[in-house]
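Chain by chain, the residues:
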Amino acid sequence: MNLDPLSIPYRAGESVLRLAWVLIFLVFGNQTFGGFTGVGLVVVAWFLVTLAYQLVYYQRFEYELTDDTLDIASGVVSRRNREIPIRRVQNVDISRNVVHRLLGIAQIDLETAGGSSTEASLKYVSFEEAKRLQSEIGRLKRGDTSTDETTAEAPTERELFAITSKELALLGVIGIDLRLLSFVTVLLPVVAPSLTEQFGDPLVGLAVTAPLAAVAIVAVTAAISGALAVTNYYGFRLSRVSEELHYERGLLQRFSGTIPLEKVQTLSISENVIARRLGYASLAVETAGYSPNDAGSQSAVPLADRRRVFDLAQSVESFEDVAFERPPKRARQRYVVRYGIVAAVVVAAAFAVDRFTGFTFAWYATAVLVVAAPVAAHLKWRNLGYDLQSEYIVLREGFWTRTISVVPYYRVQTVVDSQTVFQRRRRLATLVVDTAGSSGLTSGATRALDIDEARASELREIVADRLQQELVERREQRRRERLDSIEAAA
Amino acid sequence: MDDTDPAGDGPLGAELEPAVRRVATGTDADTEGSPEERVPDIESLVGPQQTLEPGIQAVWILQGGISAAVLGVIAAVAFAFFSPGAPWLGGVVFTVVFLLAAALSVLRYRSWTYEVREDSLYLERGVVTRVKTVVPYVRIQHVDASRGPIERTFGLATTVVYTAGSRGADVSIPGLTPERADDLQNRLKQLAIAAEGEDAV
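Before going into details, it helps to say that this report is about the structure given with it. (Residues numbered from 1 in each chain as written. Chains lettered and ligands numbered in written order. Predicted model: local features only at pLDDT ≥ 70, side-chain atom pairs only at ≥ 80, totals over all residues. Heavy atoms only, no water.)

## Observations regarding the overall build of chain B
A tally of helices and strands in chain B yields six helices and seven strands. The order of helices and strands in chain B, counted from the N terminus, is α-α-β-α-α-β-β-β-β-α-β-β-α. Within chain B, buried positions represent 44% of all 201 residues. A fraction of 52% describes how many contacts in chain B between residues 6 or more apart in sequence connect residues 24 or more apart. (Helix = DSSP H or I, 4+ residues; strand = E, 2+ residues; numbered from the N terminus. Buried < 20%, exposed > 50% of the residue type's maximum accessible area, 1.4 Å probe, protein only. Contact = heavy atoms within 4.5 Å.)

Structure below.
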């Protein structure tokens, strides 16, 4: 099979656009170049050259979906032949931006567990072909190899979740990145001095400009994140087709993809401060396919009622209702000390600036931080927890964004317990339950922070043992299934 | 655990037996008890807690020495530049860093143990942060042996174990003699095969 013929002019257009900034530079930077007509000529010439190249690329790009592999032969100068085993495919994603939608073409991406980037990308095929590939790959993965489309029973599609406009609007509000806000508040004292010089009394200046700037920055952040949330998750729909989740989303750029349930590594339910107040949460399903910076694509439910999110999560992985066990109280003392030290350093720095530089301000205002330290410590401690269930370990961490990770023992890769010098003083340890999940770098939450050291080493062995038990059980099950199928055939 | 009875695993028993036998015959010296020549099993591959070769301390001290020397030179240049007449402070920096690194190397050596258990590799290490890691054999993707230039001059090698995990995806065991490293690599390979690594991800 070939790509869609429309991909030739589109790809040529893309490379012309990539050249655009050079052209702009030429037009404005160099008058002798010939102005707009000269540039126009360059654009046309470049377009023709790339068009020719893309024509060859198109002719030399072939793919074929067989019963158990996707074969891709590509390359103009250096040829590359690939066979991707269908069984190893983790996700199949289709994305279409506005232009793609006008032309009726789509980009299809295949993810496998190996490697750090997308395994294969077809740029571009017709939308119908993309849909066909997606459903065919899904069908072949289920082990249904009958090529006769009519007799193969169509798998029933069950809708699990569709975003309402209320939820979408809320997402815009809740989706404010609180980390960005905290960054802004850190930045403010740096920006403020230049503003305060406009006023006679620096104290008045600070009092006026700081809240103003804060409000402005929060508003801008909210507007941007709201707009992003709405365009990204407009028309979000999640459905289940036999053993796969299908999602669709996007206003301008449409995405649709599959998440294979049998390859799910961890589930994470996250709720930030505002969402928690309003009783909302979001659900992310992590598979081993995506690269770490692809976090957006894995979001299974961007925002929904907390109860509903838990129901959905439990339909994907049948964990029990969670009852968290918190770390011992001495962990909280550790945070009091830690935050207290940070607060003291800030106060001392503010005092030093006030005393030894020309810039004077109400340095004692930073003393609020010293009072806030125990509160912050308590909040951090309160939101920690773990729950050991028969098939899952559930971990919870974070105040600003609280993340609950559900890790099946069966998916555990390594179990690590570590103790820093400070943790050893308080007989605490951190247990990390590592899986092949992809957002390990961003969430970092599959750990039980600061639990009792004896309990940590106990848990380490329990988790490792339960993995072995699960393996034995699954092996047994597979053997039984094999025997059954042999008997059925006989 | 089921792993001790691999023959009971249907068609897998056939390909498993010769693989284990080959290694077991070559590694009698390191195994505990008397390995049965006829029916080698997982038990002949596992061992008690092991420590590293003492020579690794020299490797680490030398590495520390190199970093200390680099820091010392930088400090000497910096001091000579900013307050002329005090480049000897570079020597002080070198001595302090070197002594710290040496002490850390010795402590690090003492903290390091590893154990080839029945269904997982267990490691314990760390001076400032003590880390205990369990790597189940099913999760092993591949095992490497590596020998850096300093390690080579001291006749040592490192075994590196890779998993598909996202954090601390690879675990390395330094300070082994080349024979021990080869032996460990072979054992882990056999144990990973025996653990039926079909579900690595």
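That shown, we press on.
## Describing the overall build of chain A
Within chain A one finds 13 helices and 19 strands. Each of the 490 residues in chain A was classed as buried or not, and the buried ones make up 44%. Of the contacts formed within chain A by residues at least 6 apart in sequence, a portion of 59% connects residues at least 24 apart. Counting only carbon and sulfur atoms, one obtains 61% of the accessible surface of chain A, whose full area is about 24,700 Å². (Areas by Shrake-Rupley, 256 points an atom, 1.4 Å probe, with all protein chains shown as cover.)

## Some points on the sheet that holds strand 1 (residues 50-51) of chain B
Within a sheet, each strand pairs with its neighbour through backbone hydrogen bonds, oriented either parallel or antiparallel. Spatially, the seven strands line up as an open sheet ordered 19(A)-18(A)-17(A)-4(B)-3(B)-2(B)-1(B), and their pairing is antiparallel. Since the sheet does not close on itself, it has two edges, and those belong to strand 19 (447-452) of chain A together with strand 1 of chain B, each with one partner. As paired strands, strand 18 (residues 428-435) of chain A and strand 19 of chain A are joined by four bridges and run antiparallel to one another. Counterpart to Val432(A) in the pairing with strand 19 of chain A is Arg447(A). (Pairing = 2+ DSSP bridges.)

## Description of the environment of Leu431(A)
Here Leu431(A) is to be found in strand 18. Not counting the four nearest positions on each side in its chain, Leu431(A) is found in contact with Val415(A), Val416(A), Asp417(A), Thr446(A), Arg447(A), Ala448(A), Ile451(A), Ala456(A), Leu459(A) and Arg460(A).

## Quick notes on the sheet that holds strand 1 (residues 62-65) of chain A
All names here are of chain A. Pairing is antiparallel in the open sheet, where three strands are placed in the order 1-2-3. Each edge of the open sheet is held by one strand with a lone partner, namely strand 1 and strand 3 (80-85). Going across the sheet, the axis of each strand differs from the next one's by a mean of 10 degrees, ignoring polarity. (Axes fitted to C-alpha atoms, helices over the stretch in contact; angles between N-to-C directions.)

## So, the pattern of salt bridges
All names here are of chain A. Taken as a whole, this structure holds 22 salt bridges over all chains when the rule is applied. A salt bridge links Arg455 to Glu458; the nearest nitrogen and oxygen atoms lie 3.3 Å apart. Here Arg455 pairs with Glu458, and both are found in helix 13 (residues 453-489), just three residues apart, close to one helical turn. (Salt bridge = Lys/Arg side-chain N within 4 Å of Asp/Glu carboxyl O.)

## Some details on a negative patch on the surface
Residues and elements named next belong to chain A. On the surface, a cluster of negative charge is contributed by Glu320, Asp321, Glu391 and Glu473. One can find Glu391 in the loop between strand 14 (385-388) and strand 15 (392-397). When its relative accessible area of 35% is taken as the criterion, Glu391 is described as partly exposed. (Patch = residues over 30% accessible without salt bridge, like charges linked within 9 Å, V, L, I, M, F, W, Y side chains within 5 Å. Lys, Arg positive; Asp, Glu negative; His and termini not counted. Charge placed at Lys NZ, Arg CZ, Asp CG, Glu CD.)

## Some points on the packing of aromatic side chains
We describe a pair of aromatic rings using the distance from one ring centre to the other and the angle between the two ring planes. Residues and elements named next belong to chain A. In this structure the tally under the stated criterion is nine aromatic pairs over all chains. Ring centres of Phe351 and Trp363 lie 4.7 Å apart, and the angle between their planes is 70 degrees; on these two criteria the pair is classed as edge-to-face. Of this pair, Phe351 sits in helix 10 (residues 329-356) while Trp363 sits in the loop between helix 10 and helix 11 (368-382); the two residues are 12 residues apart in sequence, bridging distant segments of the chain. Considering the side-chain rings of Trp363 and Tyr364, the 6.0 Å spacing of their centres and the 70 degrees angle between planes classify their relative orientation as edge-to-face. (Phe/Tyr/Trp six-rings, centres within 6.5 Å; stacked < 30°, edge-to-face > 60°.)

## Focus: the side chain of Arg426(A)
Summarising the element assignment, Arg426(A) is placed in the loop between helix 12 (421-425) and strand 18. Here Arg426(A) sits buried without a salt bridge, and the closest side chain of opposite charge, Asp450(A), lies 8.3 Å off (N-O distance).

## As for unusual backbone geometry
Residues and elements named next belong to chain A. In this structure, Tyr124 follows Lys123 across a cis peptide bond, with omega equal to -5 degrees. With respect to the secondary-structure elements, Tyr124 resides in strand 6 (residues 120-126). You will see that Arg427, though not glycine, has its phi angle at about 55 degrees, which is positive. Looking at where Arg427 falls in the secondary structure, it is placed in the loop between helix 12 and strand 18. Notably, Asp450 is not glycine yet its phi reads approximately 55 degrees, a positive angle.

## Remarks on the nonpolar core
Core analysis: the largest hydrophobic core is formed by 37 residues, its most contacted members being Phe161(A), Leu238(A), Leu245(A), Leu267(A), Ile269(A), Leu283(A) and Val301(A). Here this core spans two domains, since at least three of its residues come from each of domain 3 (165-233) and domain 4 (258-327 + 384-480) of chain A. Grouped together as the second largest cluster of nonpolar side chains are 35 residues, Leu45(B), Val46(B), Tyr109(B) and Tyr114(B) included. (Core = buried A, V, L, I, M, F, W, Y, C linked by side-chain atoms within 4.5 Å. Domains from an automatic or database assignment.)

## Considerations on the pairing of strand 6 of chain A
Residues and elements named next belong to chain A. Within strand 6, five of the seven residues are buried, which leaves the element mostly enclosed by the surrounding structure. Pairing between strand 5 (residues 105-112) and strand 6: six bridges, direction antiparallel. Bridged to Asp109 within strand 6 is Ser121.

## Digging into the environment of Arg249(A)
Residues and elements named next belong to chain A. On the secondary structure map, Arg249 appears in strand 9 (residues 244-249). Exposure remark for Arg249: the relative accessible area of 6% places this residue in the buried category. C-alpha of Arg249 to C-alpha of Leu238: the two residues are 11 residues apart in sequence and 9.0 Å apart in space.

## Overview of the packing of helix 3 (residues 55-82) of chain B against helix 4 (residues 89-111) of chain B
Residues and elements named next belong to chain B. Look at helix 3 against helix 4: their axes get within 7 Å of each other, and the N-to-C directions meet at 160 degrees. The orientation of helix 3 with respect to helix 4, classified from their angle, is roughly antiparallel. Considering only the axes of helix 3 and helix 4, their crossing is right-handed. Its residues assigned to classes, the contact of helix 3 with helix 4 shows 18 nonpolar, six polar and one charged. (Parallel < 35°, antiparallel > 145°, perpendicular 65-115°, else oblique. Left-handed = near helix turned anticlockwise from the far one by under 90°. Nonpolar A, V, L, I, M, F, W, Y, C, P; charged D, E, K, R; others polar.)

## Some remarks on the side chain of Asp450(A)
All names here are of chain A. Looking at the element boundaries, Asp450 is found in strand 19. The class of Asp450 is buried, set by a relative accessible area of 0%. At 2.7 Å, the side chain of Asp450 and the side chain of Arg334 are in polar contact. For Asp450, the residues in contact, after removing those within four places along its chain, are Pro327, Pro328, Ala331, Arg334, Tyr335, Gln423, Leu428, Ala429 and Thr430. (Polar contact = N/O pair within 3.5 Å; in protein donor to acceptor, adjacent residues only side chain to side chain.)

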